[in-house]
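Letter by letter, the chains look like this.
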Amino acid sequence: MSFRSEMVRGGMSTSEAVAANGSFETGVNLTGFAGQGARQVTAANTVVTTTVATTGDSLTLPKCEQGDWLVVCNYSASPVKIYPPSGWKIHNAAVDASYNIAANKTAMFTQITDPAKGGTQEFFAALSA
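Overview of the structure.

1. With respect to the overall build of the chain
Part 1 of the reasoning: On a plain count of helices and strands, the chain comes out with 2 helices and 9 strands.
Part 2 of the reasoning: Taken over C-alpha atoms, the radius of gyration comes to 15 Å for the chain, in line with the 14 Å a tight globule of 129 residues would show.
Part 3 of the reasoning: Each of the three principal axes of the chain carries a C-alpha extent, and together these read 50 × 35 × 25 Å.
Part 4 of the reasoning: Counting over 129 residues, the chain shows a buried share of 37%.
Part 5 of the reasoning: Here the chain displays about 6,800 Å² of accessible surface, and carbon together with sulfur accounts for 55% of that area.
Part 6 of the reasoning: Of the side-chain charges in the chain, 8 are positive and 9 negative, and the distance between the mean point of each set is 5 Å.

2. A few points about the packing of aromatic side chains
Part 1 of the reasoning: In the structure shown here, the tally under the stated rule is 2 aromatic pairs.
Part 2 of the reasoning: Centre to centre, the rings of Trp88 and Phe123 are 5.5 Å apart; their planes meet at 35 degrees, and the pair counts as tilted. In this pair, Trp88 sits in the loop between β5 (80-83) and β6 (89-90) while Phe123 sits in strand β9 (residues 122-127), placing the two residues 35 residues apart along the sequence. Note on accessibility: Trp88 and Phe123 belong to one class, buried.
Part 3 of the reasoning: Centroid distance Tyr99 to Phe109: 5.6 Å. Interplanar angle 85 degrees. Geometry classified as edge-to-face. Separated by 10 residues along the polypeptide, Tyr99 in strand β7 (residues 99-101) and Phe109 in strand β8 (residues 105-111) bring together distant segments of the chain. Here Tyr99 matches Phe109 in class, with each residue buried.

Cut-offs applied
- Residues numbered from 1 in each chain as written.
- Predicted model: local features only at pLDDT ≥ 70, side-chain atom pairs only at ≥ 80, totals over all residues.
- Heavy atoms only, no water.
- Helix = DSSP H or I, 4+ residues; strand = E, 2+ residues; numbered from the N terminus.
- Rg over C-alpha atoms; globule rule 2.2 N^0.38 Å.
- Buried < 20%, exposed > 50% of the residue type's maximum accessible area, 1.4 Å probe, protein only.
- Areas by Shrake-Rupley, 256 points an atom, 1.4 Å probe, with all protein chains shown as cover.
- Lys, Arg positive; Asp, Glu negative; His and termini not counted.
- Charge placed at Lys NZ, Arg CZ, Asp CG, Glu CD.
- Phe/Tyr/Trp six-rings, centres within 6.5 Å; stacked < 30°, edge-to-face > 60°.

Fair warning: the whole summary comes from geometry, so function is off the table for now.
Printed below as a string of structure tokens:
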């Protein structure tokens, strides 16, 4: 991905360059959001800063198109569960199963299936070291 300044120098408008790099939501507090559908990911890049380990704090990925990607950074002190949209799966796990991101880890999710072809929709997940 190019820097916004490079895109603008290449002829894109500033708003086009911002849209190409994706949206950001930082400072996400997941206290009280447990289970699939409780708190939807609303940006391409999401930074979680607050969780409560005992409640299974979680986010649910949005339905999107093949090739779309989302990044979730867990900067909190506790794990975060990531759920697919209802009826979807993450990284060849069971349908509707959660994917865990440990404290201070980041995961990138890429939608790898074509909704037009039907079948179970799936995200590939890549977790930071």
